[in-house]
Amino acid sequence: MNEKDIINLEEKLMANVYAKRSLVLTRGKGALVWDINGKEYVDCTGSYGVCVVGHSHPKVVDAVRRQAETLISCHSSFYNDVRSELLLKITQITPKVLSKVFLANSGAEAVECAIKVARKFSGKPEIIAMMGAFHGKTMGALSATWDKKYREPFKPLVPEFKHVPPNNPEKVREAITEKTAAILVEPIRGEGGIRIPPKDFLSGLREICDETGVLLIFDEVQTGFGRTGKFFAFEHWNVVPDILCLAKSVAGGLPIGMTIAKEDVMSSFKVGEHSTTFGGNPLVCAAACAAIDVLVEEKLPERAATLGRYFKEKLEDLQARHRVVREVRGLGLMIGMEFRFDVLNIILKSMERGVLVLDAGRNILRFLPPLVIKREHINRVIAVLDTVMEEEKE
Ligand SMILES: *Cc1c(COP(=O)(O)O)cnc(C)c1O
């Protein structure tokens, strides 16, 4: 099928819910992807932060190939060798207290499980989330998501969710009532514009939760798994949640969601109270085992820290050269660049010149490249942005 036919078919047959870019991608390796015409791109979208270990990492490919030949399906009502291996590997990189795992297939599902188990454990209904938060688009997760344009058309949402201003622990304390089950928060807001909290915010929340018995849920679907320069973003602030949500990057590009909770919290679920058919299927578990090995062996969190600093410095140089940038912010290889204007043109023009970047709101460029990205790729991104920003000024 040629480029035009592919685009036409997706336009015609697929639900039109994605803001499409007119690019047909057919191949990827590390931090690079290629379109159907063989043109190369540096991928700073990382498939929305999924490709932490890079596109088609050889170890992930090998694990998937071997597992596909062995056993693809095995419902979690049976035991399985690679699933148990994954549970062991993941709990070896999480803090000790986070020791019981529910396996699902997406970020929204990881959040759904967190909401349900918080309600079950506490016997209370209310979830406090942050203004500006993004937690996914299924009805429960959507109820915790802030953006009106995602919420309004689908009301009524799940009751007993409320949003408070982020960054101020006292505002959260004031919002807690006798009905509150949990506080749900992204350590760094991703969709919300790469917003890093003030130093004492997360530790303040931890204190409040310890005092009141309210559960603390961290949604690290975007920030987790090495992205910010640590295995998990909460390590930057030395705060451990009661429930941790992971997804996007954990299975080397295959669909996965994980909710990891304290033993007593997760054990409040009785048999049958939560489940999903594909959760913990061996193919994905094998990919996730390989991805965790790669993360550890290739020291990708450290790499994200080092290259993230480099990338950010280069972006700050651009900020100084072109007076169109308000702020560059980020941790590790999760970086935002806030402009004084809409960034759509910058995104499209960069794409023409072989660089793929994301937005996060109208005026913020977002970089979530694979952590295996090379310095020369970052240099290429900077050179392209330099040219495009020069053009945009005119
Ligand atoms: C992407 C994302 C989700 C939703 O994940 P899906 O796999 O798209 O359902 C939830 N929370 C955060 C912080 C995310 O970045």
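Keep in mind that what you see is a predicted model, and the values were worked out from it rather than measured. (Residues numbered from 1 in each chain as written. Predicted model: local features only at pLDDT ≥ 70, side-chain atom pairs only at ≥ 80, totals over all residues. Heavy atoms only, no water.)

**Q** Help me understand the domain arrangement of the protein chain, please; the structure alone is not making it clear to me.
**A** One frequently used descriptor of interface size is the decrease in accessible area upon assembly of the parts. If you check the domain split of the protein chain, you get domain 1 (3-53 + 299-393) and domain 2 (59-297). Each side of the interface is counted separately: domain 1 has 27 residues, and domain 2 has 29 residues. Carbon and sulfur atoms make up 65% of the area that domain 1 and domain 2 hide from each other, which totals about 2,200 Å². For Arg 366, the salt bridge is made with Glu 191, and the minimal N-O distance between the two is 3.3 Å. Here the side of domain 1 that touches domain 2 takes five residues from helix H12 (residues 300-321), the largest share from any one element. Across the side of domain 1 that touches domain 2, the residue classes tally to 17 nonpolar, five polar and five charged. (Domains from an automatic or database assignment. Contact = heavy atoms within 4.5 Å. Buried area = accessible area lost by both parts, 1.4 Å probe. Salt bridge = Lys/Arg side-chain N within 4 Å of Asp/Glu carboxyl O. Helix = DSSP H or I, 4+ residues; strand = E, 2+ residues; numbered from the N terminus. Nonpolar A, V, L, I, M, F, W, Y, C, P; charged D, E, K, R; others polar.)

**Q** Quick question: what am I supposed to make of the pairing of strand E9 (residues 243-246) here?
**A** Residues in a regular strand point their side chains to alternate faces of the sheet. Here E9 shows a buried face lined by Ile 243 and Cys 245 and a second buried face lined by Leu 244 and Leu 246. Here strand E8 (residues 215-219) runs beside E9; their pairing, made up of three bridges, is parallel. When the sheet's bridge partners are listed, Asp 219 is paired in E9 with Cys 245. Pairing between E9 and strand E10 (residues 257-262): four bridges, direction antiparallel. When the sheet's bridge partners are listed, Leu 246 is paired in E10 with Met 258. (Buried < 20%, exposed > 50% of the residue type's maximum accessible area, 1.4 Å probe, protein only. Pairing = 2+ DSSP bridges.)

**Q** Teacher, can you tell me more about the pattern of salt bridges here?
**A** Where charged atoms from two side chains of opposite charge come close, those side chains can pair. As enumerated under the stated definition, the model contains 26 salt bridges in all. Put simply, Lys 262 and Asp 242 hold a salt bridge, and the shortest N to O gap is 2.7 Å. One end of the pair, Lys 262, is in strand E10; the other, Asp 242, is in the loop between E8 and E9, with 20 residues separating them in the sequence. Residue classification places Asp 242 among the buried residues on the basis of a relative accessible area of 5%. One salt bridge in this structure joins Arg 326 and Glu 338, with 3.1 Å as the shortest N-O distance. Taken together, the residues span a long stretch of sequence, with Arg 326 in strand E11 (residues 325-331) and Glu 338 in strand E12 (residues 334-339) at a distance of 12 residues. Shared partners join several salt bridges into a network, and the residues in it are Arg 206, Asp 210, Asp 242 and Lys 262.

**Q** Looking at this model, I keep getting lost on the packing of aromatic side chains. Mind explaining?
**A** The way to describe two aromatic rings as a pair is by their centre distance and the angle between their planes. Overall, the coordinates contain five aromatic pairs when judged by the stated rule. Relative to Phe 234, the ring of Phe 218 has its centre 6.2 Å away and its plane inclined at 35 degrees; by these criteria the two rings are tilted. Taken together, the positions of Phe 218 in strand E8 and Phe 234 in the loop between E8 and E9 put the pair 16 residues apart, joining distant regions of the chain. Taking the centre distance of 5.1 Å and the plane angle of 55 degrees together, the rings of Phe 311 and Phe 367 count as tilted. Here the residue Phe 311 occupies a position in helix H12, and Phe 367 occupies one in strand E15 (residues 364-367), the gap between them amounting to 56 residues. (Phe/Tyr/Trp six-rings, centres within 6.5 Å; stacked < 30°, edge-to-face > 60°.)

**Q** I'm lost on the site of the ligand in this one. Help?
**A** Neighbouring residues of the ligand: Ser 106, Gly 107, Ala 108, Phe 134, His 135, Gly 136, Glu 186, Asp 219, Val 221, Gln 222 and Lys 248. One of the backbone nitrogen or oxygen atoms of Ala 108 is found 2.8 Å away from an oxygen atom of the ligand. Between the ligand and the protein, one listed contact pairs an oxygen atom with a side-chain N or O atom of Lys 248 at 2.6 Å. Across the complex, the protein chains shield 80% of the 380 Å² of accessible surface that the ligand would expose by itself. (Near = heavy atom within 4 Å. Polar contact = N/O pair within 3.5 Å; in protein donor to acceptor, adjacent residues only side chain to side chain. Areas by Shrake-Rupley, 256 points an atom, 1.4 Å probe, with all protein chains shown as cover.)

**Q** Help me understand unusual backbone geometry in this model?
**A** In this structure, Pro 156 follows Lys 155 across a cis peptide bond, with omega equal to 5 degrees. As for its placement among the helices and strands, Pro 156 is situated in the loop between helix H7 (148-151) and strand E6 (161-164). Phi is positive for Ser 47, close to 55 degrees, though the residue is something other than glycine. Within the secondary structure layout, Ser 47 lies in helix H2 (residues 46-49). Even without glycine at this site, Asn 238 takes up a positive phi of about 55 degrees.

**Q** Help me out: how do you make sense of the side chain of Glu 392 in this one?
**A** Within the secondary structure layout, Glu 392 lies in helix H14 (residues 375-393). With residues up to four places along the chain from it excluded, the contact list for Glu 392 reads Phe 341, Asn 345, Ile 346 and Lys 349.

**Q** I'm lost on the sheet that holds E12 in this one. Help?
**A** To summarise the sheet geometry, strands pair through backbone hydrogen bonds and adopt either a parallel or an antiparallel arrangement. Pairing in this open sheet of four strands is antiparallel, and the strands run E11-E12-E15-E14 from one edge to the other. The sheet is open, and its two borders are formed by E11 and strand E14 (358-359), each paired with just one other strand. Sheet analysis places E11 next to E12, joined by six bridges and oriented antiparallel. Along E12, the bridge assignment pairs Leu 331 with Met 334. In this fold H12 packs onto E11, E12 and E15, with an angle of close to 175 degrees to the strand it touches most, E11. (Axes fitted to C-alpha atoms, helices over the stretch in contact; angles between N-to-C directions.)

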